[in-house]
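Residues per chain, in single letters:
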Amino acid sequence: MEQYETTSDLDDLATAVSTLRRAVELTPNNYPDMASRLANLGTSLWSRFEQTGDHQDIAEAISAEQRALELTPEGHPDMGERLANLGTSIHSRFEHTGDLQDLAQAISMKQRALELTPEGHPDMASRLAGLGSALWSRFVDEQSGDFQDIAEAISCQRRSLELTPDGHPDMASRLGNLATSLENTGDLQDLAEAISAEQRAVELTPEGHPDMASRLGNLATSLHSRFGDTGDLQDLAEAISAEQRALELTPEGHPDMAWRLAALGSSLWARFDRTGDVQDIAGSISANQRALELTPDGHPGRAVRLADLGASLWSRSKRTGDLHDLVEAISAQQRAVELTPEGHPGMAWRLVALGSSLSARFERTGDLQDLAEAISAQQRALDLTPEDHPDIARQLSNLAVSFQFRFEHAGDLQDLSESVSTQQRSLELTPAGHPDILVGLHNLGRLLESHFLHTGDIHTLNEAVSKFETGATTTFGQPDIGLQAAKHWARLLEKYNPGSPDILTAYNSAIRLTALTTTLDQVLENRYSQLVDTSGVALQAASAAFALDRVDKALEWLEQDDLRRHDGHLADRFSELSRKLEGAGSVRIAARSEMSTSEKVSLEDQARDHVRSAREWDDLLVKIRATPGFERFLEPSPWHILLPYLPEAGHAIIINVDAGRCDAIVLSAGRSTPHHIPLTNFSLETSVQDILQGLWTDLVKPVLQALEIEVSLSNYPSPRIWWCPTGPLSFLPIHAAGIYANEGTECLLDYAVSSYTPTIAALTDRVRNARPIEKATSGLFMTCQPNAPSASHIPGTTKEVQFIDNLMTKEGLRSERLEGSTITPAICLDSMERFNSIHLACHAYQDATNPLESRFLFHKGSLDLFTILQRNLKDADLAFLSACQTGTGSEKLPDEAVHLAAGMLAAGYRRVVATMWAIRDKHAPHVATDFYQYLLDHRDPGDGSGFDGTHSARALHHATQQLRIRLGNNSDESLLAWIPYVHFGY
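Residues numbered from 1 in each chain as written. Predicted model: local features only at pLDDT ≥ 70, side-chain atom pairs only at ≥ 80, totals over all residues. Heavy atoms only, no water.

Caption draft 1: Main features of the overall build of the protein. Within the protein, the regular secondary structure consists of 38 helices and 16 strands. Here the protein holds 986 residues, and the buried ones make up 52% of them. Taking all contacts inside the protein whose residues are at least 6 apart in sequence as the whole, residues at least 24 apart take part in 68%. Here the protein has roughly 43,400 Å² of accessible surface; of this, 49% comes from carbon and sulfur atoms. (Helix = DSSP H or I, 4+ residues; strand = E, 2+ residues; numbered from the N terminus. Buried < 20%, exposed > 50% of the residue type's maximum accessible area, 1.4 Å probe, protein only. Contact = heavy atoms within 4.5 Å. Areas by Shrake-Rupley, 256 points an atom, 1.4 Å probe, with all protein chains shown as cover.)

Caption draft 2: Just the pattern of salt bridges, in detail. Enumeration according to the criterion identifies 42 salt bridges in this entry. Note that E449 and R491 form a salt bridge whose closest N and O atoms lie 2.9 Å from each other. Within this pair, whereas E449 is found in helix α21 (residues 436-455), its partner R491 is found in helix α23 (residues 479-496), the two being separated by 42 residues in sequence. Among the residues examined, E449 registers a relative accessible area of 9% and is labelled buried. One network of salt bridges, with partners in common, ties together D805, R817 and E819. (Salt bridge = Lys/Arg side-chain N within 4 Å of Asp/Glu carboxyl O.)

Caption draft 3: Representation of helix α3 (residues 34-52). For α3, built from 19 residues, the straight-helix expectation of 27 Å at 1.5 Å per residue is met to within 8% by its first-to-last C-alpha distance of 27 Å. Taken as a whole, α3 has its buried residues at M34, A35, L38, A39, L41, G42, S44, L45, S47, R48 and F49. Of the residues one or two after α3, G53 is the one with positive phi, at around 75 degrees. (Expected span 1.5 Å × (residues − 1).)

Caption draft 4: Unusual backbone geometry, seen in detail. Look at D549: it is not a glycine, yet its phi comes out positive at around 60 degrees. Relative to the elements of secondary structure, D549 occurs in the loop between α26 (537-547) and α27 (551-558). We classify D549 as exposed; its relative accessible area is 66%. Positive phi outside glycine occurs at E708, with the angle close to 60 degrees. The topology assignment puts E708 in the loop between α30 (691-707) and β4 (720-725).

Caption draft 5: Here's a closer look at the sheet that holds strand β12 (residues 855-857). Strand order in the open sheet formed by three strands is β11-β12-β13, and the pairing between neighbours is antiparallel. With one partner strand each, in any of the chains shown, β11 (843-845) and β13 (862-864) form the two edges of the open sheet. Across the sheet, the mean angle separating the axes of adjacent strands is 25 degrees when strand polarity is ignored. With three bridges connecting them, β11 and β12 associate as antiparallel partners. Residue Y845 lies in a different strand from β12, and its bridge partner there is R855. (Pairing = 2+ DSSP bridges. Axes fitted to C-alpha atoms, helices over the stretch in contact; angles between N-to-C directions.)

Caption draft 6: Examining empty space enclosed by the protein more closely. Evaluated as defined, the whole model comprises six cavities of 30 Å³ or more. Space inside the largest cavity adds up to approximately 150 Å³. What lines the largest cavity is a set of 14 residues, among which H735, S754, H957, T960 and Y981 lie closest to the centre. Every element with two or more residues in the lining of the largest cavity is listed here: β7 (753-756), α37 (952-967) and β16 (981-985). (1 Å grid on protein atoms, 1.4 Å probe; cavity = no way out; pocket = protein on both sides within 12 Å on 5 of 7 lines; lining within 4 Å. Points joined across faces, edges and corners; volume = space filled by probe spheres on them.)

Caption draft 7: Fine view of the packing of aromatic side chains. One pass over the full model with this rule turns up 12 aromatic pairs. Consider the rings of F781 and F835, whose centres lie 6.2 Å apart with planes at 40 degrees: the pair is tilted. Residue F781 is found in strand β8 (residues 780-784), and its partner F835 is found in the loop between α33 (825-834) and β10 (837-841); the two are separated by 54 residues along the sequence. Of the two residues examined, F781 and F835, each falls in the buried class. An aromatic cluster of three or more residues is present, and its members are F880, F931, Y932 and F947. Directly above the aromatic system of Y645 lies the positively charged group of R768, at a separation of 4.7 Å from the ring centroid. Here the basic side chain of R814 rests over the ring of F835, its NZ or CZ set 3.9 Å away from the ring centre. (Phe/Tyr/Trp six-rings, centres within 6.5 Å; stacked < 30°, edge-to-face > 60°. Lys NZ or Arg CZ within 6 Å of the ring centre and 35° of its normal.)

Caption draft 8: Fine view of the pairing of strand β2 (residues 662-668). The element β2 is extensively covered by neighbouring structure, given that seven of its seven residues are classed as buried. Where burial is concerned, the two faces of β2 agree: the one with C662, A664, V666 and S668 and the one with D663, I665 and L667 are both buried. Two elements, strand β1 (residues 651-657) and β2, share seven bridges in a ladder whose sense is antiparallel. In the sheet register, I654 faces β2, and the bridge partner there is I665. Note: β2 against strand β3 (residues 675-678), four bridges, orientation antiparallel. By the bridge assignment for β3, A664 is matched with I677. Hairpin connection of β2 to β3: six residues between the antiparallel strands, including G670 at a positive phi of 90 degrees.

Caption draft 9: Structural detail: helix α32 (residues 796-810). Spanning 15 residues, α32 covers 21 Å between terminal C-alpha atoms, matching the ideal 21 Å at 1.5 Å per step. Along α32, the residues that are buried comprise G796, T797, E800, V801, I804, D805, L807 and M808. Tucked inside the fold, the buried residues of α32 contact β8, β9 (815-819), β10, β14 (878-882) and α36 (924-937). Looking one or two residues past α32, G812 carries a phi angle of roughly 70 degrees, positive in sign.

Caption draft 10: Broad picture of the environment of G779. Position of G779 relative to the elements: it lies in the loop between α31 (760-768) and β8. Residue G779 is classed as buried on the basis of its relative accessible area, which comes to 1%. Sequence-wise, G779 and R834 are 55 residues apart; in three dimensions their C-alpha atoms are separated by 8.6 Å. For G779, the residues in contact, after removing those within four places along its chain, are R814, F835, N836, S837 and F947.

Caption draft 11: The arrangement of the confidence of the model for the protein in detail. Of all residues in the protein, 85% attain a pLDDT of 70 or more, and the chain-wide mean is 85. Mean pLDDT in the protein bottoms out at helix α25 (residues 524-534), which sits at 45, and peaks at helix α16 (residues 323-339), which reaches 96. In this model residues 885-898 is a low-confidence stretch, pLDDT under 50, and it forms 56 contacts with partners more than four residues away in sequence or in other chains. (pLDDT = per-residue confidence, 0-100.)

Caption draft 12: Quick peek at the nonpolar core. Counting residues in each nonpolar core, the largest one holds 95 residues, and the members touching the most others are L699, W723, M832, F856, M904, V912 and F931. Considering every element that reaches this core, the biggest residue donor is α30, with nine residues. For L699, the contacting residues outside a window of four places in its chain are I655, C662, L679, F682, G694, W723 and L729. Among the nonpolar cores identified, the runner-up in size contains 54 residues, and V537, A541, F546 and A761 belong to it. (Core = buried A, V, L, I, M, F, W, Y, C linked by side-chain atoms within 4.5 Å.)

Caption draft 13: Structural detail: the environment of G744. When you line up the elements, G744 lands in strand β6 (residues 744-747). Sequence spacing of G744 and N970 is 226 residues, and the spatial spacing of their C-alpha atoms is 9.5 Å.

Caption draft 14: Geometry of the side chain of R82. Its place among the elements puts R82 in helix α5 (residues 79-97). Owing to a relative accessible area of 9%, R82 belongs among the buried residues under this scheme. Within the structure, the side chain of R82 is placed 2.8 Å from the side chain of T72, a separation counted as a polar contact. Once you skip the residues sitting within four places of it in the chain, R82 turns out to touch A35, S36, A39, A68, L69, T72 and H76. (Polar contact = N/O pair within 3.5 Å; in protein donor to acceptor, adjacent residues only side chain to side chain.)

See below:
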């Protein structure tokens, strides 16, 4: 046995067992050493059982130890040890069989052993630890969950630790046992102590130790539990990291492999539920499938494995709409219910999950059999759940939804009334402050609205409005649910009480909640999908404000912008964290199915950094808002703060269009209030065929007339106008509005020089933060990419940059030209830092699904907008994007500036020339040449030799006019040649 304790070799243990058996066989019954030899045999058999799980060994061990105990007289000095060892063996058998009679006997043995152990005895610590472990087992395995057991277990384990000196080989295991007990009290302070103990246990466990994986798994369990109580993503990220490390250390065939896979699957599912990262739910399904494969038929854990897999598949089907996932989820959940014995505490929730999945499939297929089975499962679950159970409210809410589905399908008002009363009962049983209250309020509001529509009962309408209002203004729960409540609140008021001032309050809540739905602890992909879900809210709110003569509110809501006021070190750190979080969010999009476990662990380390940064970001936001003057940082700004920083000459004009109306707000330097111009004749129904004339007659000309802007004379500079269109107007060429008839033209180009701005704040920021051109970076970097892979050949780009380069060289200005394969995206990025201005003559791709993936196409790879945004382009001035689709917005986000031109402004460029659609290769070189020639001709003589894009708007106006002259007519072909060119920024 001593050799086995040194080598841990099972062959050595087998030899010891064989030798001790032979010794017992050769020892007469009345021989004085028989008890000790039986005890030694029992210990060796128990050790082998712990390694192999062979039930014959533990049965023989218990038999030998019982015989040894019978042969030990009362008062014998070995009595305590033999009681303790027998208790340990019986406890081990209980852990494999679940026989509660074994557990009761084990506790009794360990208590007697402890009573016989004097203070100061060297085995006191181990016996306290053993009794604590057995008491914990009884607490978690008996349905009553006697808190006296867990209290005694913790007391024993704490005393055991106090008696264990630093450096003792059992310190780590005893820390782990205490932690396991503490996490079962339901007290957050105890849970924090448990996590601290488990972290210490992991630290004390050397690499390669056989218990490292189990200790990591236990730590992960506690961290996941705390996440469930607090919602702290940092805990969940650390749990996932620990679980992946534990799996990496678990050899194939290990009995705990299935349990560890299931734990990882659960944690990944929880994070998916919070952040929406589809890679997490894919990982959860994969882990749960493997765990199920490793759990044989007849195993008591098979039902829970099936239930876990069903939950993950259901979640993915809900996100992706994949019916196959939903079918698989239902199959797994039905099998889980079949394998769950009557009276099992998990039966109710397995029925609830099955009911939810069946209800979801009914939504997809309309199969009434599914709905009937869903309601049956949900009602069975309710029958099994005590009235005071914390899950009762959520179960009632699920049943209410199913009644609602049946009403919508069959039209029986009894089902609708049943749904309303069930949801009301659910809300009444939900504890105050619980996040589910918000969900319940929103659901009940929808049901009451439906009841009003079918009965005309005005009382239920008022109740619906009240529920939506309460949901929209509550301070807890998911902000996306609160946003839905706010939108319903506003919609009902607009429809049934159109003059109510509460409409503005409702939309104010909606605007506030819109910002909260796209938090930085989510992955980038999910934040974008949230933006899609919330797009249009600001436009609807502004239209409501116009209808109520609140131009100030309309302007405030349309001018949502982020990171628009920075100051010193605090703002630098905030910006740095924002960039870091954007980077972490994008990393999480990458597929991970092919990664090794170690690569996944590395990725989880990044995820934990992401969560830590998100927490610091939140803390900094609180600190910034506590600074005088920054109380509304990242919130809609009061309109009046924009006025001091408007351009001195010209007008900034916001055009808001919604389904019901169109309005302009004009901001002009020197004017103390916004100028509201209702555009009563323009609507979304304007014919596309006549769009330019419609824009002129019904939108642009009324604005010019209200501002008393006349046709520009040749010897006077045209006034500047900065257009800030919203919604579908973002796709339309307002700068080209006009009547282009054979008998003569009348168009905006004759009156003013047009630019666009994503928001007024983006424009005023550039006025406020005006800075001189740095001589070190002054100059133009240019590249052409005529033969990018998978794109059409554009030979004119070579000529284009050649013409520009010649102009720069002639004027003696700093410039650099790289063509084709001589440049990579990385080199281009470096050049963007070395030169304040760039000219990109290449193809571009606008990604409407994820605008930050929009990119410029090079011979060697592509340069995406997200990568550009991560660079610190502090000296950026002018970007000329001579590529198609660089100024076209995303139709999914009609009120968000998410095209390449707006992205370049966000990256730091003060002004951007872009194109709304494909431009003609033959015209582009001439437009570019005329543009740069104008800039060079109008340089400030006192500005030295620097290159400056200050006059870029007028330069583009001049270049497009020159192209019109060359074209010589107003045919559709000619119009489409010059209209695409647009100017953004100051």
